[in-house]
Amino acid sequence: MEVILQLLINAFLLGGFYALLASGFSLIWGVLGLINLAYGSFVLLGAYSAYFLHQKGFNFWLVLFINLFLGFFLGLFLNRLLFLRLLRFEALSVLLLTFGLDVLISNLINLFFKGDVRSVSLEGLGGSFFLGEYILPKGRLLVFVLSVFFILLLYLFLKHTKEGRAIRAVSMDRVGAQLCGIDLGRTYDLSSALAHSLAMFSGAFYGLLQGFTPFDSGFITLKVFFVCIAGGLGRVEALLLGGFALAVLEQFSGFYVGEGYKSAFALLVLFLLLAFRPYGIFGVRLHERA
Amino acid sequence: MERELLRVEDLSVYYGEVRALEGISLRVFENSAMVVFGSNGSGKSSLLKAIMGLVPYQGKVFFKGKNIDSLETHKRVALGISLATDLKNLFPYMSVEENLLLGAYRRGGRERFEKVYEYFPELFEVRKRRVGELSGGYQRMVSIGRALMSSPELLMIDELSLGLAPKVVERLAQVLLEIRKKEEVSLLLVEQEIYDVSSVVCSHGYVLDLGRLVAQGKVKELLEKDVVRRVYLGIA
């Protein structure tokens, strides 16, 4: 029983981070309708930027803000350069083009940083807190608290600000949004900027939690895809549920079957979800949206 | 003298090879109410979409004397044109209040809530409920209310009576009459049924058939015209 509870605690802490990790991916998918296979490489860019800047003596908290700004402008640039053009393309072309971008970014990172495993380490985050018999690793706890805090901020932004409402409106009905006077191009700009900001921001946390190489982007994109499919698109709460679902699956399969099988299990469940519940475990059926 | 608010000149809309509208010219004057009648597939909705800039078109559209062909939809809304479409363009996961608030995104403001709730007191009762949970009649009220939130000078409504019970349609017609009295707004409705809600609200009308305007005149006199009897009743 203790083991199960410890695994659930681990999953709980990791799930909050997964929700943040997937938030940008979900935003681009929901608003622009694009599945961005290069998303994982932007998370990695965030991890490498944190690694590089921290190595150069920058304070980690400052690095987080630099990542936020870098991601914002990168997202804006990418939207103007690529995404707005992709909106006219078929889904398969979008997948191929973003996959190509992913390969390009991964190889550029490899060119600059080489293929060694890197990680970001912070002083004072090495140990753990103890809750009776249960262990709460300090690093994971910090990432969990900050992730949930930023998810909450995202929720409040989308729910209670004019621009946030515009983003939600565009994700529900583009024509309806235009009829309200919402500028689609501006909303796409903001969504892409925000999404890549979140990607690079969570990339710094990714670097804190585990080692990374330039070719991990596929794994990351798979994780965020799982979170979005399991939780369902369109709601911030769904990200948390999807994040916890993935974390529980990984923790339990990793412990009872073996670390090496974690991704295989996630893929198997993803396949089953797409086959039997494509609207997500907790999501809303598309015909119920109408 | 009547001042012109909207002028459509020689407007054509094509979807690929398919012609939806051809050579349409019409005018809407300030503080007037016009209706465009037409059966299914006659091009009524395409006409409204073209005026809003939602579909590409040939021809010219003027609003308050200014050519708006190059303006995107959101800029046309900013000028004072508003369209209440049929129910599919609402935001079903948002509350009634959020839907209304989005209507004031470009112009108008929160103070317009009071006006909308004055016209539709029913909406105040359900303001916290999600629009997707409401009946068709309520959704129609949200759709008109949302369009009114921007204080439009031209309010266009796509098939107000479609799928609604006669009592609800009657109620909506009364509200439109009230809006005409209290607001400086012109109405452009499109309807399938001649002598439906529009005959109560509008004085003048046009008739569309297979993408072309085939008749125009006073609503009550339209059915007397041979061409309208042929289009609607199959008799001449």
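For the structure itself, consult the block above.
Residues numbered from 1 in each chain as written. Chains lettered and ligands numbered in written order. Predicted model: local features only at pLDDT ≥ 70, side-chain atom pairs only at ≥ 80, totals over all residues. Heavy atoms only, no water.

A. Examining the overall build of chain B more closely. On a plain count of helices and strands, chain B comes out with 10 helices and 10 strands. Its C-alpha radius of gyration of 17 Å places chain B within 12% of the 18 Å reference for a compact globule of 236 residues. Its C-alpha atoms give chain B principal-axis dimensions of about 50 × 40 × 40 Å. Taking all 236 residues of chain B together, the buried fraction comes to 53%. Once local pairs closer than 6 in sequence are excluded, the contacts in chain B between residues at least 24 apart make up 68%. On chain B, roughly 10500 Å² of surface is accessible, and the fraction owed to carbon and sulfur atoms is 48%. Seen as two clouds, the 34 positive and the 32 negative side-chain charges of chain B have centres 2 Å apart. (Helix = DSSP H or I, 4+ residues; strand = E, 2+ residues; numbered from the N terminus. Rg over C-alpha atoms; globule rule 2.2 N^0.38 Å. Buried < 20%, exposed > 50% of the residue type's maximum accessible area, 1.4 Å probe, protein only. Contact = heavy atoms within 4.5 Å. Areas by Shrake-Rupley, 256 points an atom, 1.4 Å probe, with all protein chains shown as cover. Lys, Arg positive; Asp, Glu negative; His and termini not counted. Charge placed at Lys NZ, Arg CZ, Asp CG, Glu CD.)

B. Quick look at the pairing of strand S9 (residues 204–209) of chain B. All names here are of chain B. Among the six residues that make up S9, five are buried, leaving the element largely enclosed by the rest of the structure. Examined bridge by bridge, strand S3 (residues 33–38) and S9 share five bridges and lie parallel to one another. Each residue of the ladder has a partner; that of methionine 34, found in S9, is histidine 204. In this structure, the hairpin formed by S9 and strand S10 (residues 212–218) is closed by a connection of two residues, where leucine 210 is found at a positive phi of approximately 45 degrees. (Pairing = 2+ DSSP bridges.)

C. Representation of the interface of chain B and chain A within the structure. In this assembly, 22 residues from chain B lie in contact with 23 residues from chain A. Both sides together, the interface formed by chain B and chain A hides about 2100 Å², and carbon and sulfur atoms give 62% of it. When the buried surface of chain B facing chain A is broken down by residue, B:Phe91, B:Tyr93 and B:Tyr105 rank first, second and third, together holding 34% of it. Taken together, the connections running from chain B to chain A amount to two salt bridges. Here A:Arg168 and B:Glu98 are joined by a salt bridge, their closest N and O atoms 3.0 Å apart. (Buried area = accessible area lost by both parts, 1.4 Å probe. Salt bridge = Lys/Arg side-chain N within 4 Å of Asp/Glu carboxyl O.)

D. How the structure looks around the nonpolar core. Core analysis: the largest hydrophobic core is formed by 86 residues, its most contacted members being A:Tyr18, A:Phe60, A:Phe83, A:Ile182, A:Phe205, A:Phe212 and A:Phe226. The biggest single contributor to this core is helix H1 (residues 2–32) of chain A, with 14 residues. Those residues in contact with A:Phe226, other than ones at most four positions away along the chain, are A:Gly242, A:Ala245, A:Leu246, A:Leu249, A:Ala266, A:Val269, A:Leu270 and A:Leu273. One finds B:Ala84, B:Phe113, B:Val116 and B:Val201 within the second-largest nonpolar core, a separate group that totals 44 residues. (Core = buried A, V, L, I, M, F, W, Y, C linked by side-chain atoms within 4.5 Å.)

E. Representation of a nonpolar patch on the surface within the structure. All names here are of chain A. Together, Met1, Val3, Ile4, Leu5, Leu8, Val248, Phe255, Tyr256, Val257 and Tyr261 make up a nonpolar patch on the protein surface, roughly 930 Å² of accessible area in all. Ranked by residues supplied to the nonpolar patch, first place goes to H1 with four residues. Examined against the element boundaries, phenylalanine 255 turns out to sit in helix H10 (residues 236–256). With a relative accessible area of 49%, phenylalanine 255 lands in the partly exposed category. (Patch = residues over 30% accessible without salt bridge, like charges linked within 9 Å, V, L, I, M, F, W, Y side chains within 5 Å.)

F. Highlighting the environment of B:Lys115. All names here are of chain B. Among the secondary structure elements, lysine 115 is positioned in helix H4 (residues 112–119). Residue lysine 115 is classed as partly exposed on the basis of its relative accessible area, which comes to 27%. The sequence separation of lysine 115 and leucine 134 amounts to 19 residues, and the corresponding C-alpha distance is 21 Å.

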